[in-house]
Amino acid sequence: MKTILITGCSSGFGLETARVFLDRGWKVIATMRSPHADILPASDHLRVLPLDVTEAGSIRGLIEAAGPIDALVNNAGIGLMSVLEGTPMQTTRDLFETNTFGTIAMTQAVVPQFRERQDGVIVNVSSSTTLKPLPLLSAYTASKAAVNAFTESLALELEPFNVRVRLVIPGAAPETAFSRNAQTRMRDGIPAAYAEFAQGVFARRGQSSLVTHARDVTDAVWRAVTDPASPLRMPAGADAVAAAGAR
Ligand SMILES: NC(=O)c1ccc[n+]([C@@H]2O[C@H](COP(=O)([O-])OP(=O)(O)OC[C@H]3O[C@@H](n4cnc5c(N)ncnc54)[C@H](OP(=O)(O)O)[C@@H]3O)[C@@H](O)[C@H]2O)c1
């Protein structure tokens, strides 16, 4: 029986991915900043462990506690909808700490065991904003574009060791709390000069008939992990697939 470790399982795509792998006979290590096991079905195959991807000590402790794994899904991420002029640099750094450096640090922590065993899969969850740019998302998109570039280079570096690295690129999923959280992170609000423009952007949000569902993302992660022939970049959701096709 194989073991998968997933980051950011307290809600959204991470939680659903944990459910799917449990249902399909995998051992799942579901990690959360504040573990609450009761949100997943009770199972001998489930372990819920604490992890903050921005803390080196937390990553070290997790890797020790987890033991050998076969797959890692770097799903933990935070969003930010903001005007660059109104975004403190610290806020941008926080975004990169979680989305970019958290992904890189977790990857670095599992690569040695995968390389030694000549087996393993790493799936990094990016965003379709890297395929189709949208306003008010410059810092967030930059943090995810860096994940794309990191993943594509690393895939070549680990190929000789039979370690696969994949990108799952979801579109906008109104059903998760992600977008709401991204807006609340705009602590300093929208600068007055951008107010009208930003209002227009917010008004148009959610009007697209093409959206992403958690199922699209779990399907893509499942394929990325279990199908050695899966492509490196996997758009997930109708809007992400359309954005990838338009490039
Ligand atoms: N939903 C969308 O529209 C969308 C679109 C494209 C890409 N994505 C990407 O999909 C991934 C999952 O997002 P989601 O939609 O499922 O949003 P979500 O429901 O807000 O889930 C994000 C998860 O990341 C965790 N997290 C945040 N900071 C963390 C940290 N420092 N260490 C460990 N875990 C941390 C959160 O845990 P806490 O509960 O502790 O905060 C939560 O479990 C993210 O990488 C996001 O960028 C989402």
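Look up a bit, the structure's there.
Residues numbered from 1 in each chain as written. Predicted model: local features only at pLDDT ≥ 70, side-chain atom pairs only at ≥ 80, totals over all residues.

Student: Describe unusual backbone geometry, listing the residues and the values that go with them.
Tutor: One non-glycine residue, glutamine 118, lies in positive phi territory at about 55°. When you line up the elements, glutamine 118 lands in the loop between α3 (89–117) and β5 (120–125). Unlike most non-glycine residues, asparagine 162 shows phi in positive territory, near 60°. Inspection of the secondary structure assignment puts asparagine 162 in the loop between α4 (138–158) and β6 (163–170). The class of asparagine 162 is partly exposed, set by 13 C-beta atoms lying within 10 Å. (Helix = DSSP H or I, 4+ residues; strand = E, 2+ residues; numbered from the N terminus. Buried ≥ 20, exposed ≤ 12 C-beta atoms within 10 Å, placed from the backbone.)

Student: Describe the packing of helix α2 (residues 56–66) against α3, with residues and values.
Tutor: Orientation of α2 relative to α3, taken along the N-to-C sense of each, is 35°, at an axis distance of 11 Å. Helix-helix and strand crossings are classified by hand; for α2 and α3 the assignment is right-handed. In this structure, α2 contributes Ala56, Ile59 and Ile63 to the contact, and α3 contributes Ala105, Met106 and Ala109. Across the contact of α2 with α3, the residue classes break down as six nonpolar, no polar and no charged. (Axes fitted to C-alpha atoms, helices over the stretch in contact; angles between N-to-C directions. Left-handed = near helix turned anticlockwise from the far one by under 90°. Contact = placed C-beta atoms within 7 Å. Nonpolar A, V, L, I, M, F, W, Y, C, P; charged D, E, K, R; others polar.)

Student: Got a sec to walk through the site of the ligand? Specific residues and values, please.
Tutor: In the vicinity of the ligand lie 31 residues, with Gly8, Gly12, Ala76, Gly77 and Phe178 positioned nearest. When contributions to the shell around the ligand are tallied by element, the ones reaching two or more residues are α1 (12–23), α3 and α5 (178–184). By residue class, the composition of the shell around the ligand is 12 nonpolar, 17 polar and two charged. (Near = placed C-beta within 6 Å.)

Student: Describe the environment of alanine 203, listing the residues and the values that go with them.
Tutor: Inspection of the secondary structure puts alanine 203 in helix α6 (residues 195–204). Alanine 203 sits 24 residues away from aspartate 227 along the chain, and the two C-alpha atoms are 40 Å apart.

Student: Tell me about the environment of leucine 5, and please be specific about residues and values.
Tutor: For leucine 5, the location among the structural elements is in strand β1 (residues 3–6). The class for leucine 5 is buried, based on 27 C-beta atoms found within 10 Å. Residues leucine 5 and alanine 18, spaced 13 residues apart in sequence, show a C-alpha to C-alpha distance of 8.7 Å. For leucine 5, the contacting residues outside a window of four places in its chain are Ile29, Thr31, Ala66, Ile69 and Leu72.

Student: Lay out the sheet that holds β6 with the relevant residues and their values.
Tutor: The strand order across the open sheet built from seven strands is β3-β2-β1-β4-β5-β6-β7, with neighbouring strands paired in parallel fashion. Edge positions in the sheet fall to β3 (46–50) and β7 (233–236), since each has one partner strand and no second. Within the sheet, the average angular offset between the axes of one strand and its neighbour, ignoring direction, is 20°. As defined by bridge partners, β5 adjoins β6 across six bridges and the pair is classed as parallel. What sits directly across from isoleucine 122, in β6, is valine 165. Against the sheet, α2 engages β1, β2 (27–32) and β3, with an angle of about 160° to β3. Against the sheet, α4 engages β5 and β6, with an angle of about 160° to β6. (Pairing = 2+ DSSP bridges.)

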